[in-house]
Amino acid sequence: MSNEKRGHAVVLGAGVAGLFAARVVAESHAKVTLIDRDELSVPVSARRGLPQAGHLHGLLARGQQIMEEHFPGITEELIADGAQHGDVARDVRWIINGRHLRRADSGLTVITCTRPFLERHIRERLLEVPEVELSPSTDLLRLVTAPDGRTVTGVVVERGGVEEEVPADLVVDATGRGSRTPLWLAELGFGRPEEEKHKIGLGYTTRFYRTSHEAFEGDISINTVASAGIPRGTICQKVDGGRTIVTAYGILGDHAATTPDGFMEFIGSLAAPDIQRVLERSEPITDPVQYRFPTNLRRHYERLTDFPEGLLVIGDAVCSFNPSYAQGMTVAAMSSLVLRRHLAQEVRPAPTSYFKSLAEEAVDGVWQMAVGADLSFPEVEGVRDEAVLRAHEHVTRVQHAAALSGEVAARYARVIGLVDPPSALGDPEFLELLDRVEAAGAKGTETAEVEGARR
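All of these numbers come straight from a predicted model, not from anything done at the bench.

Right, let's get into the overall build of the protein. Counting its regular elements, the protein contains 12 helices and 19 strands. Against the 2.2 N^0.38 benchmark of 23 Å for 455 residues, the protein shows a C-alpha radius of gyration of 22 Å, consistent with a compact globule. For the protein, the spread of C-alpha atoms along the three principal axes comes to 75 × 50 × 40 Å. Looking at the protein as a whole, 54% of its 455 residues are labelled buried. For the protein, the share of sequence-separated contacts (at least 6 apart) that also reach a separation of at least 24 residues comes to 71%. When the accessible area of the protein is evaluated, it comes to approximately 18,700 Å², of which 49% is carbon and sulfur surface.

Written as structure tokens, this is what we have:
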């Protein structure tokens, strides 16, 4: 493709997926219009398009790397404005299966901040790109197509009560889980994507606190992870504004209460008392607020053999994961790299080719990780074939070894941070490491190692 930028692209949705998508589309198009229905000058936590904004969000290590690639220097800008940062395996206290993982220098940066804070910084950097313009408070009404209905040529929007047609050479749908693309496809005579759902009945409750620096004992986050034996989890994290955010979660209706006493009772039932001890030295500044996430949802666009030209889909509009694994924003970042590569080949990429690449390079592996992790809870419905059961057994083995070995913990952090694929935990060299760690643990070093993992 020529290096000359040409054409007009419209990106629907100014969440994280839309922001990353607009950034890469601006590398190939002369003009990019980012459309969102919300008034983005108000706090993001107040806007209707992101009702979960007031809860904890995480950008995994791979997401942080891609964000920095798209917007060089943004990590330091976030830190300078109040985000916390550290090494994901050294400065985060991980508690899995009731055990503290060993500390290690993984070389992976973790940024802890609220979702509104992160979005605002990314959006401000994006709007420094001359090709990009933002159209807030704009309702999307429908697609515009060529007479034969096989090519999308723009969208019709409503601003201030007035309808307007916005012509476009490319439309990217980043409107999230509520995307109307499946309905549009049916209206145009195309097949709707097959939808795969897994019921998890997740509910999470969040409260903000003021916490003394000493209470965290040098950490930036304490992650007590839900496991099959103890299916309740909580994350307690330093964030922007000198605040602490605490999000407690459970599955299939086992949710933390929104009363102060009920919230603390839930946290007191966790596998380890670390977070409870922090909150005993903290002052609450908000009431507990709950959000529910009933099902994982994946739309298999890659299985469609026919799709209108000029329309692509990205982010939660394709795949919406269990939020307790914090994979959604990072998969959106990974998806933006797929979009960038296809745009480098042609200004209007072939949809079927793009969706196949998206599945293979950004979605498939993470979806399998998320669903597999959910199926480790006996109460969650789903097929547990021999491969799934073997994977559960192996992950448990890795987690136990990570409580003994900093090297195992760092390698595990690379996988859950989506830097390395899950297959990395099956490499022969890694399996030899597990054998050595387990042999050392069998000699009675486990207690000393676990105690040494804590500050």
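Still more ground to cover, so stick around.
This part is about the side chain of histidine 300. For histidine 300, the position within the fold is in strand S17 (residues 289-300). A relative accessible area of 2% means that histidine 300 is categorised as buried. Here the side chain of histidine 300 touches glutamate 196 through a polar contact of 2.8 Å, side chain to side chain. Setting aside residues up to four positions removed in sequence, histidine 300 forms contacts with Pro193, Glu194 and Glu196.

The contact between helix H8 (residues 328-345) and helix H9 (residues 351-374) brings their axes to 9 Å, and the two run at 155°. With respect to H9, the element H8 is oriented roughly antiparallel. As for how H8 packs across H9, the hand of that crossing is right-handed. Mapping the contact onto sequence places Val331, Met334, Ser335, Val338, Leu339, Arg341 and His342 in H8 and Ser353, Tyr354, Ser357, Leu358, Glu361, Ala362, Val363 and Val366 in H9. Here the contact of H8 with H9 is built from residues that sort into nine nonpolar, four polar and two charged.

Right, let's get into the sheet that holds strand S10 (residues 162-167). Taken together, the three strands give an open sheet; going across it, the order is S8-S9-S10, and neighbouring strands pair in antiparallel fashion. In this open sheet, the two strands that pair with only one neighbour each are strand S8 (138-145) and S10. Between one strand axis and the next, the sheet turns by 25° as a mean value, whatever way the strands run. With seven bridges joining them, S8 and strand S9 (residues 152-159) adopt antiparallel strand pairing. Residue pairing in the sheet places leucine 143 in a bridge with valine 155 of S9.

The next point concerns the environment of glycine 86. Note on placement: glycine 86 falls in strand S3 (residues 84-87). Placed 223 residues apart in sequence, glycine 86 and glutamate 309 show a C-alpha to C-alpha distance of 44 Å. For glycine 86, the residues in contact, after removing those within four places along its chain, are Asp91, Leu108, Thr109, Val110 and Ile220.

A separate point is the sheet that holds strand S18 (residues 311-313). Pairing within the open sheet is parallel, and its five strands lie in the order S7-S2-S1-S11-S18. Where the open sheet ends on each side, the last strands, each with one partner, are strand S7 (132-135) and S18. Taken over all neighbouring pairs, the strand axes of this sheet differ in orientation by 20° on average, direction set aside. The pairing of strand S2 (residues 31-35) with S7 spans four bridges and is parallel. Counted as the bridge partner of leucine 34 is leucine 134 from S7.

For the protein, the assigned domains read domain 1 (6-57 + 114-194 + 300-370), domain 2 (197-294) and domain 3 (386-441). Each of domain 1 and domain 2 has a C-alpha centre, and these two points are 31 Å apart. With 15 residues of domain 1 in contact, the opposing surface of domain 2 contributes 18 residues. For the domain 1 and domain 2 pair, buried surface summed over both sides reaches about 1,400 Å², with 69% attributable to carbon and sulfur atoms. Its largest share of buried area at the contact with domain 2, domain 1 owes to His55, Leu56 and Thr114, together 45% of the area lost on that side. Applying the counting criterion to the domain 1 and domain 2 interface returns zero salt bridges. At the boundary of domain 1 and domain 2, one finds three residue pairs in polar contact (both at pLDDT 80 or more). The residue inventory of the side of domain 1 that touches domain 2, partitioned by class, reads six nonpolar, eight polar and one charged.

Working definition: an aromatic ring pair is given by the centre-to-centre distance plus the angle between the planes. In total, this model carries six aromatic pairs according to the counting rule given. Among the aromatic residues, ring-to-ring pairing joins Tyr301, Phe307, Tyr354 and Phe355 into one connected group. For arginine 177, the ring lying beneath its charged end belongs to phenylalanine 293, and the centroid distance is 4.9 Å.

As a further point, take the pattern of salt bridges. Going through the model one piece at a time under the given rule, you end up with 32 salt bridges. Between glutamate 163 and arginine 142 there is a salt bridge whose closest N-O contact spans 3.4 Å. You can see glutamate 163 sitting in strand S10 and its partner arginine 142 sitting in strand S8, a full 21 residues away along the chain. Glutamate 302 serves as the salt-bridge partner of arginine 303, at 3.9 Å between the closest nitrogen and oxygen. Its relative accessible area of 47% is what places arginine 303 among the partly exposed residues. Its relative accessible area of 18% is what places glutamate 302 among the buried residues. Here the salt bridges share partners, and the residues they tie into one network are Arg93, Arg103, Glu217, Asp219 and Asp274.

Reading the values: the criteria
- Residues numbered from 1 in each chain as written.
- Predicted model: local features only at pLDDT ≥ 70, side-chain atom pairs only at ≥ 80, totals over all residues.
- Heavy atoms only, no water.
- Helix = DSSP H or I, 4+ residues; strand = E, 2+ residues; numbered from the N terminus.
- Rg over C-alpha atoms; globule rule 2.2 N^0.38 Å.
- Buried < 20%, exposed > 50% of the residue type's maximum accessible area, 1.4 Å probe, protein only.
- Contact = heavy atoms within 4.5 Å.
- Areas by Shrake-Rupley, 256 points an atom, 1.4 Å probe, with all protein chains shown as cover.
- Polar contact = N/O pair within 3.5 Å; in protein donor to acceptor, adjacent residues only side chain to side chain.
- Axes fitted to C-alpha atoms, helices over the stretch in contact; angles between N-to-C directions.
- Parallel < 35°, antiparallel > 145°, perpendicular 65-115°, else oblique.
- Left-handed = near helix turned anticlockwise from the far one by under 90°.
- Nonpolar A, V, L, I, M, F, W, Y, C, P; charged D, E, K, R; others polar.
- Pairing = 2+ DSSP bridges.
- Domains from an automatic or database assignment.
- Buried area = accessible area lost by both parts, 1.4 Å probe.
- Salt bridge = Lys/Arg side-chain N within 4 Å of Asp/Glu carboxyl O.
- Phe/Tyr/Trp six-rings, centres within 6.5 Å; stacked < 30°, edge-to-face > 60°.
- Lys NZ or Arg CZ within 6 Å of the ring centre and 35° of its normal.

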